[in-house]
Amino acid sequence: MTKRLVAKADGHSESAVNSSGNYRTRIISSLDDVGQDAWDGLLALQADANPFLSYAFLHALHASGSAARDAGWQPQYLTLWIGNELHAALPLYLKYHSYGEYVFDWAWADAYARNGLEYYPKLLSAIPFTPVTGARLLARDDAALQALIATLQGVQRATEVSSTHILYPPAQQAALLNDSGYLLRSGVQFHWLNAGYASFEDFLGTLERKKRKNIRAERRKVAEAGIVFRHVRGADAEAADWLFFYRCYCHTYRAHHSTPYLSLDFFERIAAGMPQNILLVVAERDGRPIASSLLIHTDKVLYGRYWGAIENVDCLHFETAYYQPLEFCIANKIACFEGGAQGEHKMARGFLPQKTWSAHWLKHPGFADAVQRFLEQENDGIEGYIDELNDRSPFRASCSDSSSA
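What counts and how
- Residues numbered from 1 in each chain as written.
- Predicted model: local features only at pLDDT ≥ 70, side-chain atom pairs only at ≥ 80, totals over all residues.
- Heavy atoms only, no water.
- Helix = DSSP H or I, 4+ residues; strand = E, 2+ residues; numbered from the N terminus.
- Rg over C-alpha atoms; globule rule 2.2 N^0.38 Å.
- Buried < 20%, exposed > 50% of the residue type's maximum accessible area, 1.4 Å probe, protein only.
- Contact = heavy atoms within 4.5 Å.
- Areas by Shrake-Rupley, 256 points an atom, 1.4 Å probe, with all protein chains shown as cover.
- Lys, Arg positive; Asp, Glu negative; His and termini not counted.
- Charge placed at Lys NZ, Arg CZ, Asp CG, Glu CD.
- Pairing = 2+ DSSP bridges.
- Axes fitted to C-alpha atoms, helices over the stretch in contact; angles between N-to-C directions.
- Parallel < 35°, antiparallel > 145°, perpendicular 65-115°, else oblique.
- Left-handed = near helix turned anticlockwise from the far one by under 90°.
- Arc of directions from axis to C-beta.

Focus on the overall build of the protein chain
Secondary structure summary: the protein chain contains 12 helices and 16 strands in total. In summary, the protein chain has a C-alpha radius of gyration of 22 Å against a globular reference of 22 Å for 405 residues, a match within 12%. Projecting the C-alpha coordinates of the protein chain onto the three principal axes gives extents of approximately 65 × 45 × 40 Å. Looking at the 405 residues of the protein chain, the share that counts as buried comes to 56%. Pairs at least 24 residues apart make up 72% of the contacts formed inside the protein chain by residues separated by at least 6 positions. Carbon and sulfur atoms provide 50% of the accessible area of the protein chain, an area that totals close to 17500 Å². Averaging the coordinates of the 39 positive side-chain charges in the protein chain and doing the same for the 45 negative ones gives two points 4 Å apart.

Re the sheet that holds strand β16 (residues 352-362)
As summarised here, the arrangement of the 11 strands in space is β3-β6-β7-β9-β16-β10-β15-β14-β13-β12-β11, forming an open sheet in which the pairing is mixed. Single-partner strands in this sheet number two, and they are β3 (73-75) and β11 (227-233). For this sheet, the mean inter-axis angle between neighbouring strands, taken without regard to orientation, is 30 degrees. For strand β10 (residues 183-193) and strand β15 (residues 336-341), the ladder comprises 4 bridges, and the chain directions are antiparallel. In the strand pairing of β15, Leu-193 is matched with Cys-336.

Section: the packing of helix α2 (residues 55-63) against helix α9 (residues 264-273)
In contact at an axis separation of 9 Å, α2 and α9 are set at 155 degrees when each is read in the N-to-C sense. The angle between the axes of α2 and α9 places the two elements in the roughly antiparallel class. The chirality of how α2 crosses α9 is right-handed. Residue-level contacts link Ala-56, Phe-57, Ala-60, Leu-61 and Ala-63 of α2 to Asp-265, Phe-266, Arg-269, Ile-270 and Gly-273 of α9.

Section: the pairing of β16
The buried fraction of β16 is high, at 8 of 11 residues. Bridging between strand β9 (residues 163-167) and β16 involves 5 bridges; their strand directions are antiparallel. Paired with Ile-166 across the strands is Ala-359, a residue of β16.

Re the environment of Cys-336
Position of Cys-336 relative to the elements: it lies in strand β15. Contact partners of Cys-336, with chain neighbours within four places excluded, come to His-191, Trp-192, Leu-193, Lys-300, Val-301, Leu-302 and Cys-329.

Remarks on α9
Given 3.6 residues to a turn, an α-helix orients residues that are three or four positions apart in the same direction. Among all positions of α9, only Phe-266, Phe-267, Ile-270 and Ala-271 are buried. Seen along its axis, α9 keeps its buried residues to an arc of 135 degrees; they face one direction. Contacts made by the buried residues of α9 are with α2, α8 (239-255), β12 (278-285), β13 (288-297) and β14 (301-309).

Quick look at unusual backbone geometry
Cis geometry marks the peptide bond from Tyr-120 to Pro-121; its omega dihedral reads 5 degrees. Following the sequence through the fold, Pro-121 ends up in the loop between α3 (106-114) and β7 (122-125). Phi is positive for His-257, which is not a glycine, with a value near 55 degrees. Inspection of the secondary structure assignment puts His-257 in the loop between α8 and α9. Accessibility expressed as a relative area gives 77% for His-257, which makes it exposed.

Here's what the structure looks like:
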């Protein structure tokens, strides 16, 4: 491999022979160079796939400019081919900052800067702006999987990057990367697990009395404010629904003195490309929409993504972003609701802590040793934190076992 094994910013890709096998390596900057059939065909073979890995979602991020070179995300997807058949792929970016990742390495970048070293660009394998666990190493078989890891290692050694970071891989892939020399970092998210509830009230019955009482009070405040809800499937969403959602999305960012990452073009693209995976929850009062949330789903998992409101109503956030989605899960027998990054407050609403992973490689030996020591201490702290959270389960003692299964 050579130092020039990097896709050009103009969108053209370069090829090289992978020394680890008979695969042809292509590093691409546009999924157009792969094609939807080839990409989604490979994705269909993965045990830990999700809609965020789909051609429709990833291509929308790139084509809309939301995750493009000008935004600090330069696609450098690793792909391995035999003939015209795609055998392995890794979503990969040259990254020029650490925004939109949710696994925070700002302190590492600062340490590099204080020592006169460049931390950016770095290599990042992640779904931009999406802290959701899912396959990162996409491979047709074990041979292609091993070749993909070897190719990544060759690229990171041969190119001018400080480090490589693979965010939110499933536990099995995290262990494989650890065996291949990557440092593991753990984190915590909060997920709701469906124990076969017949109704929302059935779910509430498993919670401690105080938690159950608080949720009922929160829902009552929204109902007494005269607010009703529509669940809009992607195939039924109209342009007006998306325009209103985007208005809410932007309003939330402005309220937090921030700039939205995603454009209306991005949302319109996923609306057209993956409607079967989309749910909009729209809150209305007197026939006028006042809040909305966007969720992505399969028949097994519901993923909370974004919410916003144009009016302040007490507890409206909880109803729109949590309780309405939970009712959707129960009605559609969806096993898990991933509410998004962080949020210990979710526990009071029946969500439980789940460990997440990321894998890291740093080129500088001294910094690699320092980060390894830091991660050993941090990972011990995460274990203790999860134990502490589990001791504060929101479920009644007789329901705890079934709720955490």
